[in-house]
Amino acid sequence: GMGWMAGPYYTARIGQNLYFDASLSFGLADNEISPLGTYTDSFSSDRWLATLSLFGSYGGNGVLIEPNITLAYFEEISESYVDSLSVPIASITTRLGDLEFGSRFSWDGDDMSTYFEIDGIYTFEANGATVSQTTIEEGFRMRVGFGGVVALGGSGTFSYGLSYDGIGDNDYEAISAQVGVSVSF
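Conventions used here
Residues numbered from 1 in each chain as written. Predicted model: local features only at pLDDT ≥ 70, side-chain atom pairs only at ≥ 80, totals over all residues. Heavy atoms only, no water. Salt bridge = Lys/Arg side-chain N within 4 Å of Asp/Glu carboxyl O. Helix = DSSP H or I, 4+ residues; strand = E, 2+ residues; numbered from the N terminus. Buried < 20%, exposed > 50% of the residue type's maximum accessible area, 1.4 Å probe, protein only.

**Student:** Teacher, can you tell me more about the pattern of salt bridges here?
**Tutor:** Opposite charge on two side chains lets them pair, provided their charged atoms get close. One pass over the structure, following the stated rule, counts seven salt bridges. Here Glu-76 makes a salt bridge to Arg-47, at a shortest N to O gap of 2.9 Å. Here the residue Glu-76 occupies a position in strand 6 (residues 63-78), and Arg-47 occupies one in strand 4 (residues 41-56), the gap between them amounting to 29 residues. Considered together, Glu-76 and Arg-47 belong to a single accessibility category, that of buried residues. A salt bridge links Asp-165 to Arg-143; the nearest nitrogen and oxygen atoms lie 3.7 Å apart. Highlighted residues: Asp-165 in strand 14 (residues 156-167) and Arg-143 in strand 13 (residues 139-152), separated in sequence by 22 residues. Across the pair, Arg-143 and Asp-165 agree in class, each one buried. Among the charged side chains, a salt-bridge network with shared partners connects Glu-100, Asp-119, Arg-141, Arg-143 and Asp-165.

Everything listed is a geometric property; what it means functionally is a separate question.
Written as structure tokens, this is what we have:
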């Protein structure tokens, strides 16, 4: 599927080093499916996403602690259609609701910054939600990660990160890696 979402976003500072975020997005998607690998059907879907977040940062003794909590709810409704074999396909509603909480711990060196993060994720609704042939189930799981930023002389940085999601959920696993280079000129 290929789609888009747009909507309002609000951020406010509610205390020293404490912030609140809220967003509400709506959108559409055009999707293709090839259930038997011999033909392809197309259908559209409507979607929306709401998020509320509270996050902050506290530092001392060379360590920065960035706690956060986020509530997110997503819903997508696919249109019904008749497939290439003349079989009617019903509309499907997919819902996913998560409560995420955790913290990032980072510390600076001479020419680098390093972090470790740990998040708990409670999925309170997972109706029809499928990710890479693995169904996300309702319940609790954890994600851990680490990474950092290294200075490249005086004009750039190299960043890296690696995370593992699925601790405590035998049916879900996600590994993410990121690298980046930024150069000023």
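This is not the end of the story, as more comes after the structure.
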